[in-house]
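Descriptive analysis of the structure
One-letter residues, chain by chain:
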Amino acid sequence: MANWQKRNVLVTVKAYPQESKRYSETVCVAGICLEDKTWIRLYPMPFRFLEDAKKFKKYEVIEVEVTRDGADSRPESHKIRQDTLLVKEQLSTKNNWQKRKEIVIPTLSKSMCEILLQEEKNGKSLGAFRLSKPKRFYWEKVDINNEDEEHAIQLVLFNSIKKELEKIPYQFRYEYYCQGESNCKGHNQTILDWEIGEAFRSWRMQYGSDDAALKKIKEKWLDTMFAEDNDPCVFVGNHHRYRKSFMVLGVFYPKHDGQLNIFNLA
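One structure accompanies this document, and this report is about it. Keep in mind that what you see is a predicted model, and the values were worked out from it rather than measured. (Residues numbered from 1 in each chain as written. Predicted model: local features only at pLDDT ≥ 70, side-chain atom pairs only at ≥ 80, totals over all residues. Heavy atoms only, no water.)

1. Details of the sheet that holds strand β11 (residues 170-176)
Overall, antiparallel pairing links the three strands, which are arranged β8-β11-β12 in an open sheet. Edge positions in the sheet fall to β8 (136-141) and β12 (187-190), since each has one partner strand and no second. Direction aside, the axes of adjacent strands within the sheet are offset by 25° on average. Relative to β12, β11 is paired through four bridges, and the arrangement is antiparallel. Bridging across to β12, Y174 finds its partner in Q189. Its contacts with the sheet put helix α4 (residues 210-224) on β8 and β11, and the angle it makes with β8 is roughly 150°. (Pairing = 2+ DSSP bridges. Helix = DSSP H or I, 4+ residues; strand = E, 2+ residues; numbered from the N terminus. Axes fitted to C-alpha atoms, helices over the stretch in contact; angles between N-to-C directions. Contact = heavy atoms within 4.5 Å.)

2. A short note on the packing of helix α3 (residues 194-207) against α4
At a minimum axis distance of 8 Å, the contact between α3 and α4 shows a crossing angle of 135°. When the interaxial angle is binned, α3 and α4 end up oblique. Where α3 crosses over α4, the handedness of that crossing is right-handed. In this structure, α3 uses E195, I196, A199, F200, W203, R204 and Y207 to contact α4, whose residues at the interface are D210, A212, A213, L214, K216, I217, K220 and W221. Residue composition of the contact of α3 with α4, grouped by class: 10 nonpolar, no polar and five charged. (Parallel < 35°, antiparallel > 145°, perpendicular 65-115°, else oblique. Left-handed = near helix turned anticlockwise from the far one by under 90°. Nonpolar A, V, L, I, M, F, W, Y, C, P; charged D, E, K, R; others polar.)

Read these as geometric descriptors, not functional statements.
Structure below.
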């Protein structure tokens, strides 16, 4: 019998929707349990089928009953009881995102390299770490007509009427080296944050072309998020079938607060 437990979760990750044979359509949702500051993955989350009152935003706290997902051996993965989901408070960006930082910063690993070592030791599949400006932000064209193309972003338009998933014809990526890791060989990771797909769709219409939208996306996801006066952290998670393949699920970018950053010490 499943052991259901109530958890309060700060949602930090809401990735692109994907088709599911069992659940029709789900969204990758992850966050941090307020009870013990640990990472958790919530599944299944058929976001567009939820009642309007249950459609949460990033950085909202939700209350929900969860149990370990026996079909997914990743330690952070939990099933949810959808009927118990309750949307609570939104954590604002006031005072340099202070309320958010109090929850996010204690969960940080030293680097992506450290997270990979933790994956080998204990199966860690979600995490975050500080990252200075990536060496490169770029995109690649993908075939949105290929049903097997896993990297084509399937964008959900969040409203009460179910629409076709709009696939985004680009795959966005970060290329970077871990700071403070002399043996880092570099990382090249797909960005799966829902917001980047929504930004492309919106800005393509606003500015009139793919090229204009892509330029604006690069400005935000590289220049703005990783500006010199920011203290950016990257959220990452892996695939249940490809445990070594981690993807960027979002960027957390408050301003530097003047405190010593132990992760930058060589």
